[in-house]
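# Structural overview for review
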Amino acid sequence: MHGAMDAFCQEESITSACKRLLQQQSFSTQDDIRKQLIAMGFEDVSQSTVSRLLSRLGVAKVPNAYGKKVYCLTVESEPVQVGSSIASQIEFITHNQLVVVVKTHPGGAQLVARLIDIQPHAEILGTVGGNDTVMVAPKDISRIDECEKVVKARLGIPA
């Protein structure tokens, strides 16, 4: 019985370690994730273990800003983060009839851009994230107000 409990605890810690890795950096292959987990001290990490972890965490493979597909935690698996801490990172959201601008605290723009980009939306063409500013290009500038509403909804900001 004790061995099973140890295995359960190790399973939980490898899951949280994998989640942390995906929050901190981009991976394009399961083998890269596997090697990083081994480097962190987890033993006997197989490709099927990584595959199970990614499935359990609700990870999707999405194109990054350069079009390269990387593993990414989905918004749905991070509801607390989206609802509270992300909103607290945002100073304001506005637009100038051409682009929607999201001003964040220093260092917050990349995560905010990723959250906006995770699922394609008909109103959003794409995002560019700097250090403390995200520029969101609407698909149609005549619908910029709708695009701004979508951005606010994605980030948990009241419209």
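Quick look at the structure, then. From a predicted model like this one, the values you see are computed outputs, not experimental measurements.

With that out of the way, let us pick up the overall build of the protein chain. A count of helices and strands for the protein chain gives six helices and six strands. Helices and strands appear in the protein chain in the N-to-C order α-α-α-β-β-α-β-β-α-β-β-α. With 159 residues in all, the protein chain has 36% of them scored as buried. Put simply, of all contacts in the protein chain between residues at least 6 apart along the chain, 51% involve residues at least 24 apart. Counting only carbon and sulfur atoms, one obtains 55% of the accessible surface of the protein chain, whose full area is about 9000 Å².

With respect to the helices, strands and loops of the structure, Gln24 is situated in helix H1 (residues 2-24). With 87 residues separating them along the chain, Gln24 and Leu111 place their C-alpha atoms 9.9 Å apart.

Oppositely charged side chains are able to pair whenever their charged atoms sit close together. Evaluated as defined, the whole model comprises six salt bridges. Linking Lys35 and Asp31 is a salt bridge whose minimum nitrogen-to-oxygen distance equals 3.1 Å. Of this pair, Lys35 and Asp31 both sit in helix H2 (residues 30-39), four residues apart, which is roughly one turn of that helix. Given a relative accessible area of 48%, Lys35 falls into the partly exposed group. Lys103 serves as the salt-bridge partner of Asp132, at 3.5 Å between the closest nitrogen and oxygen. With Asp132 in the loop between strand S5 (124-129) and strand S6 (133-138) and Lys103 in strand S4 (residues 100-104), the pair connects residues that are 29 residues apart, well separated along the chain. Take Lys103: its relative accessible area is 23%, and that puts it in the partly exposed class. Through salt bridges with shared partners, one network takes in Asp31, Arg34 and Lys35.

The complete set of buried residues in helix H6 (residues 144-154) reads Ile144, Cys147, Glu148, Val150, Val151, Lys152 and Arg154. Taken from the residues just after H6, Gly156 is the one with a positive phi, measuring 70 degrees.

This part is about the nonpolar core. The tendency in soluble globular proteins is for nonpolar side chains to be buried as a group. Among the nonpolar cores identified, the biggest contains 21 residues, and Val102, Val112, Ile116, Val134, Val136, Val151 and Leu155 are the most heavily contacted of them. Counting residues per element, the ones that place at least two in this core are strand S3 (90-95), S4, helix H5 (109-117), S6 and H6. If you tally residues by element for this core, the top one is H5, at five residues. The residues touching Val112, leaving out its near neighbours within four places in the chain, are Ile86, Ile90, Val102, Thr104, Val134 and Leu155. In terms of nonpolar packing, the next biggest core, distinct from the first, is built from 17 residues, Ala17, Leu53, Val59 and Tyr71 among them.

A few words now on the environment of Gly58. Within the element layout of this structure, Gly58 appears in the loop between helix H3 (47-56) and strand S1 (59-63). When its relative accessible area of 28% is taken as the criterion, Gly58 is described as partly exposed. Distance from Gly58 to Leu73, taken between C-alpha atoms, is 6.5 Å for residues 15 residues apart in sequence.

What follows covers the pairing of S5. For a regular strand, side-chain orientation follows a simple rule: the groups alternate between the two sheet faces. Across five bridges, the pairing between S5 and S6 is antiparallel. Bridging across to S6, Ile124 finds its partner in Pro138. Between S5 and S6, which follow one another and run antiparallel, lie three residues.

Criteria and cut-off values
Residues numbered from 1 in each chain as written. Predicted model: local features only at pLDDT ≥ 70, side-chain atom pairs only at ≥ 80, totals over all residues. Heavy atoms only, no water. Helix = DSSP H or I, 4+ residues; strand = E, 2+ residues; numbered from the N terminus. Buried < 20%, exposed > 50% of the residue type's maximum accessible area, 1.4 Å probe, protein only. Contact = heavy atoms within 4.5 Å. Areas by Shrake-Rupley, 256 points an atom, 1.4 Å probe, with all protein chains shown as cover. Salt bridge = Lys/Arg side-chain N within 4 Å of Asp/Glu carboxyl O. Core = buried A, V, L, I, M, F, W, Y, C linked by side-chain atoms within 4.5 Å. Pairing = 2+ DSSP bridges.

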